[in-house]
Each structure stands twice: as C-alpha cells, then as structure tokens.
Amino acid sequence: MTFYTGILLKRCMEADPSIRSYLDIAERAFGMKGRIIVMIIMNSELYLVAIGLLILEGDNLHKLFPKFMIKLGELTADGRQSFVLITALVIFPSMLLTDLSILSYVSATGVFSCLIILVSIFCVGLFNGVGFHEKGTLLNVKSLPTGVSLYIVCFAGHPVIPSIYTSMRNTYQFSKVLLFSFVLTTFTYLAMAMVGYLMYGDSVESQITLSLPTSKVCAEVAIYTTLLIPITRYALMVTPVATAIEGGLSENYKNQRTVRLLIRVGLLISTVIVAYVFPYYESLMAIVGSIFVVSASFLLPCLCYLRINSDLRWGWNCEQMGIVGILVFGTLAGVLGTYSSVYDLVT
C-alpha cells in the first residue's frame, strides 16, 4: 500500500511540473490551508522521532551501564534519565551547525547500519547460545492495533519522495527505484522480526538490543551501532522543524544567527524534557505510526491524487477500489492504533 501511495505522489507531480515537494502537492490539492496542515503533520512527526532517538540512546546506554546514575545534591537521575541528559550534551554542538552536510554523509550510512545490526543479532542467536527456538502466542488480538501501528511506522518517508523524484536524472526509472527500496526495506524488517521472535518470543523487549547479552562481541556491535544512529540523525531531524519555525518569524528576526540558535537550543531542551518524563519508546513509535505516518503515507497521497485528478470518472475499477481500500484501512488503523497506544500507556 505504501509503495502504491508513493506512485500516486509521482502521478501528482506529473500532473503539474511546477510541483517540487510534498508541501507543493498539498497546496496544489487543497490550497494554502492544506500546505499548512501537512507542514504541521510533517514537523510533528520529525519532532516526535527526535524524542524517540533520545529515548533509544538512553535505553541502550543504560543496558551497557546499568549501575550508572547522576547525583547532584538531593537531586538524583537514574540511569536512563542520566543518559538522556548526557546524550543531549553530546548532540548540542551539532545543533549549533548551520551546514549539516557532514552529518548528512554520516547519516547516509543508515542502510549499512541496519544491515550490521541485523547480521550482528543473527550471529548472537547462532553463535552465542541464544538459539532460534523460542515460541509465543500466534495471534494477540488485543495488541494487534498497536502492532499494526509499529508496522506502519517502518514505512514512513513519503514526505521525501517528491524531493527524490525531482533530483533524479532519469525520472522514468523512479518506479523501479521505489519498488527496489520498498522490497529491500520489507525483507530487512521481515528478517529482523523473524530472527528476534525466534530468539526471544513474547519476552523480547520493545528494542531488541535491550534483550541482547552485553557480554558477547556480536551483541556489543549491534548495540554500539544502534548508539551511533541518534548522534548522527538528531540534528537532521530537528533542523526542518527549526526552519519551519523560522519561516513564521518576521524579517527582522528570521535571518539573525542568535535567533536561529535559540530556536534550535529550545527544541533540544524541549525534546530532552519530554524524553526525560516520557521514556516509553514503543508507545511513542506506535503513536507516530498511527497518527502521522498514517496521514502522510496512506491518507494524504490518496486524497491529494483524487483532488488533483478530480476529472477522473468513477467507474469503480480496480485502481479506484484500491484507493478507497487504502483510505478505509488508513482510517481504521489510525483510529484503533491511536486508541490502543494511548490506552496501553495510561493503564
């Protein structure tokens, strides 16, 4: 479904050559209000993912150093909270950069990082005595909406599809590139899910690295590789949010370096506060999937395509029925997934 909605975004761009970005598609379909709504959805997703990166870093560092904590007089921060604060201090210099090209090159190694993590975890099961013979419940209906939300968040990324399309030298190969990307992504996630389930069954943690034995070299490779991801990606995630805030300022403040730095530092502090008091990675990612990824990867591409191509005749052919099916699925997944995630969080 997400591959097909990516194709719909391509068709929207082909309908109007002036379209250069996801925001342009939303504006072409629904005017300036649509552009603003999509901008809010995109930046909210990036903001929450940035919080997730801090939680990810804190959890995995706590896995490596479970006895670590910070004490300042009467104030005490436990291991996870301490590492969130330390991670913020490490990330802080990157927030002062206006040119993130260096970080973008490092972050581009993300595909290789995923493969390293997958191979390392497989080696833990194969060589470090864990094995692949755990079992669990075949179908847990109660947790199905949350599970679907977590599956959905794996296929986020549609807001960058138009930018990839416009940057390609041969745009006629876009569909092949998109198909290859989604097939590779699906098999990578599928392999990780199968390996993790066979290794730990229902007892697996929300982050599989938290289930690994830290005394094994392969496990350490997986954990340390995971630790690199938040450091290299946090600034790249937050910068579009900061840029959007700057765009709403008056001309007197928009280009002032001090104001830009204050915005970025403010975003860092706010994400640290949320990660400090809300250290629930699984619930956060489920909410991101059920609200923001459902909107950007399922609902909006279909709605924008139908609006831009409003002259289509409804004959209830396979394509139109497929679009309606995606809209129905996205709506149900969004509503049920959000309810389930929030319910699990508060109970």
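Residues numbered from 1 in each chain as written. Predicted model: local features only at pLDDT ≥ 70, side-chain atom pairs only at ≥ 80, totals over all residues. Heavy atoms only, no water.

Looking at an unreviewed UniProt entry, one finds the chain named Amino acid transporter transmembrane domain-containing protein and attributed to Vitis vinifera. Recorded in UniProt under Subcellular location (unreviewed entry), the annotation for the chain is "Membrane". (UniProt positions renumbered as here; feature names shortened; annotations may be inferred.)

Chemist: Please clarify how the overall build of the chain should be interpreted in this entry.
Modeler: Each helix and strand in the chain was counted, giving 13 helices and two strands. For the chain, whose C-alpha radius of gyration is 21 Å, the value lies close to the compact-globule estimate of 20 Å for 347 residues. Seen through its principal axes, the chain has C-alpha atoms that stretch 65 × 55 × 45 Å. For the chain, buried positions account for 42% of its 347 residues. Long-range pairs, those at least 24 residues apart, make up 76% of the contacts in the chain between residues at least 6 apart in sequence. (Helix = DSSP H or I, 4+ residues; strand = E, 2+ residues; numbered from the N terminus. Rg over C-alpha atoms; globule rule 2.2 N^0.38 Å. Buried < 20%, exposed > 50% of the residue type's maximum accessible area, 1.4 Å probe, protein only. Contact = heavy atoms within 4.5 Å.)

Chemist: Can you help me understand the packing of aromatic side chains in this one?
Modeler: Any pair of aromatic rings gets described here by the distance separating the centres and the angle formed by the planes. In this structure the tally under the stated criterion is 10 aromatic pairs. With centroids separated by 6.1 Å and ring planes inclined at 70°, the aromatic side chains of Phe3 and Phe182 adopt a geometry described as edge-to-face. Placement of the pair is Phe3 in helix H1 (residues 2-15) and Phe182 in helix H8 (residues 174-200), with a sequence separation of 179 residues. Relative accessible area serves as the criterion here: at 28%, Phe3 is assigned to the partly exposed category. (Phe/Tyr/Trp six-rings, centres within 6.5 Å; stacked < 30°, edge-to-face > 60°.)

Chemist: Mind showing me how you'd approach the environment of Thr225 here?
Modeler: Tracing the sequence through the fold places Thr225 in helix H9 (residues 217-247). The buried category is assigned to Thr225, whose relative accessible area is 11%. Sequence separation between Thr225 and Phe112 is 113 residues; the distance between their C-alpha atoms is 9.9 Å. Look past the residues within four positions of Thr225 in its chain and what remains in contact with it is Ser113, Ile116 and Ile117. A polar atom in the side chain of Thr225 sits 2.6 Å from the backbone oxygen of Val221. (Polar contact = N/O pair within 3.5 Å; in protein donor to acceptor, adjacent residues only side chain to side chain.)

Chemist: Is there a simple way to think about the pattern of salt bridges in this case?
Modeler: Counted according to the given criterion, the structure contains eight salt bridges. With a shortest N-O distance of 2.8 Å, Asp24 and Arg35 are connected by a salt bridge. Arg35 gets classed as partly exposed once you look at its relative accessible area, which sits at 22%. Between Asp59 and Arg80 there is a salt bridge, with the nearest N and O atoms lying 3.1 Å from each other. Here Asp59, found in helix H2 (residues 22-64), pairs with Arg80, found in helix H3 (residues 79-95); they are 21 residues apart in sequence, far enough to count as distant. (Salt bridge = Lys/Arg side-chain N within 4 Å of Asp/Glu carboxyl O.)

Chemist: I'm lost on helix H12 (residues 281-308) in this one. Help?
Modeler: Residues three or four positions apart in an α-helix share a direction because the helix packs 3.6 residues into each turn. Along its 28 residues, H12 runs 37 Å from first to last C-alpha, staying within 8% of the 40 Å computed at 1.5 Å per residue. At Val294, H12 shows its largest kink, close to 55°. Here H12 lies mainly inside the structure; 22 of its 28 residues are buried. (Expected span 1.5 Å × (residues − 1). Bend = angle between axes of the 7 residues up to and from the residue.)

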